[in-house]
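Architecture and fold: a report
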Amino acid sequence: MTEPRSDALAFFGATGDLAYKKIFPALHAMARRGHLEFPVIGVAKSGWGLEQLRERARDSIQTHGGGVDEKAFAVLLKRLRYVDGDYNDPATYTALRKELGDAAHPAHYLAIPPSLFATVTEGLAKSGCARGARLIVEKPFGRDLPSAQALNRTIHSVFEENDVYRIDHYLGKEPVQNLLLFRFANSFLEPIWNRNYVDSVQITMAEDFGVQGRGRFYEEAGAIRDVVQNHMLQVVGFLAMEPPVTTYHESIRDEQAKVFRALRPLRADDLVRGQFRGYRKEPGVSPTSTVETFAAVRLHIDSWRWEDVPFFIRAGKCLPVTTTEVLVTLKRPPLRKVGDTNYFRFRLSPEVIIAVGSQIKKPGEQWISESTELKVVHNPEGEEMDAYERLLSDAMVGDGMLFAREDAVEAAWSVVQPILGDVTPVLEYEPGTWGPREADRLTEEIGGWHTPQKSGG
Ligand code: BG6
C-alpha cells in the first residue's frame, strides 16, 4: 500500500479550543522533529488576521505544549496561513483553494462541531478543495447511532472511507497501543488470555476535576457519549480482540470492529449513572440537568474467548484521582490458603505501569501466602509522542490504523444506544468520591470495584 503523502493541512476551527489545547502543540512538535514540511492553513470565522493566529499559536504552545522551541516555532510560523470566513460562504473555500497553492493531496481537519460537517464537506467539494484530499474529523462522531450513520452518509457523499480519519485520541496514546503489543508480543500471555483463566476485567477512567468550563458541551454529551462510547470501548477492543494477522493493513481495525459487534447492546440494568453535586451550577449547565458525569457499566462479550467474563467500565468527573487503569483479574488457583487472586494491572495514565499481582510465601512457620506486585514503571520523559502529534502525522502519510473506521464507530454506538438518555435515574454523588454507592451493585459478583491509587501507586 503506498498512499500519497498529504502536501498541505487545512484545519477548520483554528481559533477554537481544540486548536489551542492540542493542534498547535502537535504542529510545534512535528516541526521540532523536522516533519512540518507542508503549508498549514487555519480556517475560522473570527474576524482575525494571520498575526492574531500566530500570537494564539505561541500562547497555546507556551501553555499546553511544554514551552516554545524558537527554532521549531519559526518553522511553524513560516508554514502557517489563515483564512477568515464563514463556512457557508463559497468565498471562504475559494480563499482556501488559493492558499493550498499547488497542493494535490491536501488534508482537511474538521476541529468543529459535527453540526457543521455537512456544510464544510459540501463547501470543500464545490470549490475543488476535496479533490485528491483526505478528511480528518474530531470526536464526538455523532450523538447516537442514527446521527453517526447520517454523518457517515454526508462524508461519504464526497470522500471515500479510505480517505476519512476519525480521531479518537485514546488510540494515539502510547500506553493504549502498548496493551496490544504487550498482549501479542509476549508468548506467556495468550494461553491464559481467555475465559478459562480470566475472571473479570475492569477499566477505570477517573478524573479528579469537573467539566472545566465546558458545561455547554458536556450538557450535550455526558460521560457515556464523551468517553464510554469511544475511549473506553477502544480500550475494551484492544484487551479483547483476537490476534490480528500481519499480512494486510486493516487487520487490527477488523479485529477491533469484531469485538464491538460481539458486545451485547447495554441494558438499563447494566448501568448506573451519577452526577457530581454542584454540576448543575456550572456555567452552561441546566439547573435541572439529568446529564451524567459518572457512568458505570457491565459489558458482555458474546464470543468464544470471553463468554461469561464480565467487563466493567467506570468513568467519571470529580472522582478522587486522575488516572486510567485496567485490571484483569485471573481465576483463583484451587488452594485454600491462597489469599488474593492474581491479576494484571495496566496503568495507562498519568504514569505507565504494568504490574502482575502475585502470591508469595509469607515468611514464617505457616504455609500462607501474601500478595506482591511484580511491577514495571515506564516514565518515558520526553521520548513519548503526544497522541495528537501521532495521529496527525499518521493521517498526513495516509496510515489509518489508529483511526476509528465507519463500521467500528457505528458498532460502538449500537452498544450504548439503548442506554442513552434518561433510561435510569441520575444519582447525585459528592465530588471527590467514587460516584454513587449504587454502582457497587454491578460488581458485587466479583467482590467490588478496583480502586486505583493516586500517582506513585
Ligand atoms: C476527551 C473528553 O475526549 O478526553 C474529556 O472530552 C476528557 O472530557 C478527555 O477529559 C481525557 O483525555 P486525556 O487524554 O486527558 O486523558
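Treat the numbers as computed from the prediction; the structure is a model and nothing was measured.

Rules used in this analysis
- Within every chain, residues take consecutive numbers counted from 1 along the sequence as written.
- Side-chain atom pairs in this predicted model are given and counted only at pLDDT of 80 or more, local residue features only at pLDDT of at least 70, and totals for whole chains, interfaces and linings cover all residues.
- Each side-chain value is worked out from all heavy atoms of the structure, with water and hydrogens disregarded.
- Ring geometry is summarised as follows: Phe, Tyr and Trp rings, the Trp one being its six-membered ring, pair when their centres sit within 6.5 Å, and such pairs are stacked at plane angles under 30 degrees, edge-to-face over 60 and tilted between the two.
- In this text, helices come from DSSP runs of H or I with a minimum length of four residues, and strands from runs of E with a minimum of two, each type numbered from the N-terminal end.
- Burial classes follow relative accessibility: with a 1.4 Å probe on protein chains only, a residue under 20% of its type's maximum area counts as buried, one over 50% as exposed, and anything between as partly exposed.
- Sitting over a ring, as applied to charges here, requires NZ of Lys or CZ of Arg to be within 6 Å of the ring centre and within 35 degrees of the ring normal.
- We define a salt bridge as a contact between a side-chain nitrogen of Lys or Arg and a carboxyl oxygen of Asp or Glu at a distance within 4 Å.
- Here a strand pair is declared whenever DSSP counts at least two bridges between the two strands.
- The axes used here are C-alpha line fits, helices contributing only the stretch in contact, and every angle between their N-to-C directions lies in the interval 0 to 180 degrees.
- Contacts are residue-level and defined by heavy atoms, with any inter-residue pair within 4.5 Å sufficient.

**So, the packing of aromatic side chains**
One pass over the structure, following the stated rule, counts 15 aromatic pairs. Both rings, one in Phe11 and one in Phe24, keep their centres 5.6 Å apart while their planes meet at 85 degrees; by these two values the pair is edge-to-face. With a gap of 13 residues between them, Phe11 in strand E1 (residues 8-12) and Phe24 in helix H1 (residues 17-32) connect regions that are remote in the sequence. The same class applies to Phe11 and to Phe24, which are both buried. Here the aromatic cluster, defined as three or more aromatic residues joined through ring pairs, consists of Phe182, Phe188, Trp193, Phe344 and Phe346. Above the plane of the ring of Phe141 lies Arg166, whose end atom (NZ or CZ) is 4.9 Å from the centre. Over the ring of Tyr170 we find Lys173, and its NZ or CZ is 4.9 Å from the ring centre.

**Brief notes about the pattern of salt bridges**
Taken as a whole and judged by the stated rule, the model has 32 salt bridges. In this structure, Arg54 and Glu51 form a salt bridge, with 3.3 Å as the shortest nitrogen-oxygen distance. Separated by 3 residues within a single helix, Arg54 and Glu51 lie in helix H2 (residues 50-64), roughly one turn from each other. A salt bridge links Arg166 to Glu161, with the nearest nitrogen and oxygen atoms 2.8 Å apart. Judged by its relative accessible area of 1%, Arg166 falls in the buried class. Where salt bridges share partners, they join Glu250, Arg253, Asp254, Arg261, Arg405 and Asp407 into one cluster.

**Topic: the sheet that holds strand E13 (residues 352-361)**
Taking strand neighbours across the sheet as the criterion, the 9 strands line up as E14-E13-E12-E11-E7-E10-E9-E8-E15 in an open arrangement whose pairing is mixed. Two strands close off the open sheet at either side, each with one partner strand: strand E14 (369-378) and strand E15 (426-429). Between one strand axis and the next, the sheet turns through 15 degrees on average, direction left out of account. Of the strand pairs in this sheet, strand E12 (residues 343-349) and E13 are connected by 5 bridges, and their pairing is antiparallel.

**A word on the environment of Ala111**
For Ala111, the location among the structural elements is in the loop between strand E4 (106-110) and helix H5 (117-127). Note: C-alpha distance between Ala111 and Arg298 (187 residues apart in sequence) is 32 Å. Leave out the neighbours within four places in its chain, and Ala111 touches Phe12, Gly13, Leu18, Ile23 and Glu138.

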